[in-house]
Amino acid sequence: EVYFKNLSKQKQKEVMEKNGNNHKLRVCVATCNRADYSKLAPIMFGIKAEPQFFELDVVVLGSHLIDDYGNTYRMIEQDDFDIHTRLHTIVRGEDEAAMVESVGLALVKLPDVLNRLKPDIMIVHGDRFDALALATSAALMNIRILHIEGGEVSGTIDDSIRHAITKLAHYHVCCTRSAEQHLIAMCEDHDRILLAGCPSYDKLLSAKNKDYMSIIRIWLGEDVKTRDYIVALQHPVTTDIKHSIKMFELTLDALMSFNKRTLVLFPNVDAGDKEMVRVMRKKGIEHHPNFRAVKHVPFDQFIQLVAHAGCMIGNSSCGVREVGAFGTPVINLGTRQTGRETGENVLHVRDADTQDKILHALQLQFGKQYPCSKIYGDGNAVPRILKFLKSIDLKEPLQKKFCFPPVKDNISQDIDHILETQSALAVDLGGTNLRVAIVSMKGEIVKKYTQLNPKTYEDRLELILKMCVEAASEAVNVNCRILGVGISTGGRVNPREGIVLHSTKLIQEWSSVDLRTPISDALHLPVWVDNDGNCAALAERKFGHGKGIENFVTLITGTG
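Residues numbered from 1 in each chain as written. Predicted model: local features only at pLDDT ≥ 70, side-chain atom pairs only at ≥ 80, totals over all residues. Heavy atoms only, no water.

The name an unreviewed UniProt entry assigns to the protein is GLCNE kinase, from the organism Pluvianellus socialis.

Structure, rendered in structure tokens:
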């Protein structure tokens, strides 16, 4: 642990010396809409909290400045950020041409802003057409770009825009292992990719509001109960606008038939958004007793609304990404999120061409509660991103380098870039002791904890959970990313189900015990369970005397 901390400090010291001792990294964060601000805000707070390292400039453009979409720049001001520049870049229109003209208008206005700010690095998020204008301007003006959420896969034109920004960006922060592999396959330099997780998860996983009922009542009415309302958020699909409008009509019809209180959020600024609003008004959604139609909900309150909803429906990325953190049921309509990694809480209705299909999906999903998912983050993204920013050497050549095949084998991260060692939690339960350790992919024990094995089932399970939670928290401090949990226990085990079938009297009250479910639920990680003899043999085969040997015998001795 001391080694890791000293190495981190030494690396930061070297970078500060290279960049000039008194030089703070000047970071420009540009936000275009309510969705990208929810991802960028945690990073902005982190940058603002370390003025000795960073200077922050905030540029606001896009739908933030439009009344029809809630004038969401106000929430940035409410968060106490100074907005350096406001750029009106949206050209009003009904079709795809309006998006193109908006990109052109942004490209005309941005050079003057960037010339005045002269940032060392610009942070750009996601896959919106506004973000493409930002990345293009910065790249052509020789400003380093850090792209958030690159490498992901989804439907519509967003995929193409996201990958285009990846090619312009110098540094990449991705949310999932698959996204990281996609970036490597796209010939991006692995040394400039950080697998951090989604910044919004830092807020999601720490969001505890005891007064959530007051938020629900504000937005949905006094008589609404938790798990008894729906949140609907649907956007136009720019590659098939007519079909997406028809699907929105069918969704509203199904929601009216389902007869539950529903909060409907207005769509993003995209070709077809005005037509969707007209559909809402034609069906009288804004005056319907079961519906509340709103342009914008502050992110802190939106978190509480989706966390306690009976269901979320639509085609927003929020449904397949953030909502999984709460286990809220989601119905994902159409192809807009095709290719996204999702938790088991998401039910896909790819061909949502009839009201009955959507209604049936509502009947299947409404009111269920699924396990929480951490596919997109573990709540520690911002500290990793700040470390990554501090490690950037401004004296390195600005010109990008592409790493063409063969692709580098990515098993563990390079510690020189302050990334993490891929690890597992190991639990060893014997007749006398209970041990938990953080073990690297190379089989090295990073940290170990030992306690006497309790005599009763309840105390034993409670101690296992407590030690695992403590070890998982400590893993962040020793730069380890926990990928899963392996449990070695005495007794006969069903490894497929993760159940201890029977044990001798040495481990009392240890028969028909489901170990996998409570530990997986508590840590949100995959869990494997096997007999201690089998585990010892597997360990010798992987790391010990059985390495490279076809047939061998492992003999273990212990209590009894």
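There is more to say, and it comes next.
### Structural notes on the sheet that holds strand 8 (residues 229-233)
Our working definition: Only strands joined by at least two bridges in the DSSP assignment are considered to pair. Counting from the N terminus, the helices are DSSP H or I runs at least four residues long and the strands are E runs at least two residues long. Here an angle of 0 to 180 degrees is reported between the N-to-C directions of two axes, which are lines fitted to C-alpha atoms, with helices fitted over the stretch in contact. We call two residues in contact whenever any of their non-hydrogen atoms come within 4.5 Å of each other.
Pairing is parallel across the open sheet formed by six strands, whose spatial order is 10-9-8-11-12-13. Only two strands of the sheet have a single neighbouring strand rather than two, namely strand 10 (291-294) and strand 13 (346-349). For this sheet, the mean angle separating the axes of adjacent strands, direction not counted, is 20 degrees. Against the sheet, helix 9 (residues 212-220) engages strand 8, strand 9 (261-265) and strand 10, with an angle of about 75 degrees to strand 9. Its contacts with the sheet put helix 14 (residues 355-365) on strand 8, strand 11 (311-314), strand 12 (330-333) and strand 13, and the angle it makes with strand 13 is roughly 170 degrees.

### Regarding the sheet that holds strand 5 (residues 144-148)
Overall, parallel pairing links the seven strands, which are arranged 3-2-1-4-5-6-7 in an open sheet. Bordering the open sheet on either side are strand 3 (83-87) and strand 7 (193-195), each of which pairs with just one other strand. Here the average twist between neighbouring strands, direction ignored, is 20 degrees. Examined bridge by bridge, strand 5 and strand 6 (residues 171-174) share three bridges and lie parallel to one another. Along strand 6, the bridge assignment pairs isoleucine 148 with valine 173. Contacting strand 1 (25-31), strand 2 (54-61), strand 4 (121-125), strand 5, strand 6 and strand 7, helix 15 (residues 381-390) crosses the sheet at an angle of about 160 degrees to strand 7.

### Regarding the UniProt feature "active site" (unreviewed entry) in the protein
Rules: UniProt positions are given in the numbering used here, feature names are shortened, and annotations may be inferred rather than shown by experiment.
The UniProt feature table records "active site" (unreviewed entry) at Asp532. Among the structural elements, aspartate 532 can be located in helix 18 (residues 532-543). The contact partners of aspartate 532, leaving out residues within four places of it in the chain, are Ser488, Thr489, Gly490 and Ile556.

### Regarding the pattern of salt bridges
What counts here: The term salt bridge refers to a side-chain nitrogen of Lys or Arg lying within 4 Å of a carboxyl oxygen of Asp or Glu. Relative accessibility decides the category of a residue: with a 1.4 Å probe and only protein chains considered, values under 20% of the type maximum give buried, values over 50% give exposed, and everything between is partly exposed.
If you walk through the whole model with that rule in mind, you get 34 salt bridges. Glutamate 152 serves as the salt-bridge partner of arginine 340, at 2.3 Å between the closest nitrogen and oxygen. Pair noted here: arginine 340 is in the loop between strand 12 and strand 13 and glutamate 152 is in the loop between strand 5 and helix 6 (158-168), with a separation of 188 residues, a long-range link. One exposure class covers both arginine 340 and glutamate 152, and it is buried. Connected via shared salt-bridge partners are Lys39, Asp127, Glu149, Glu152, Asp159, Arg162, Arg321, Glu322 and Arg340.

### Some words on the environment of valine 113
Along the polypeptide, valine 113 turns up in helix 4 (residues 96-117). Using a relative accessible area of 2% as the deciding quantity, one classes valine 113 as buried. Each C-alpha atom, one on valine 113 and one on aspartate 79, is 23 Å from the other, the two residues being 34 residues apart in sequence. What valine 113 contacts, discounting residues up to four positions off in sequence, is Val59, Thr85 and Leu87.

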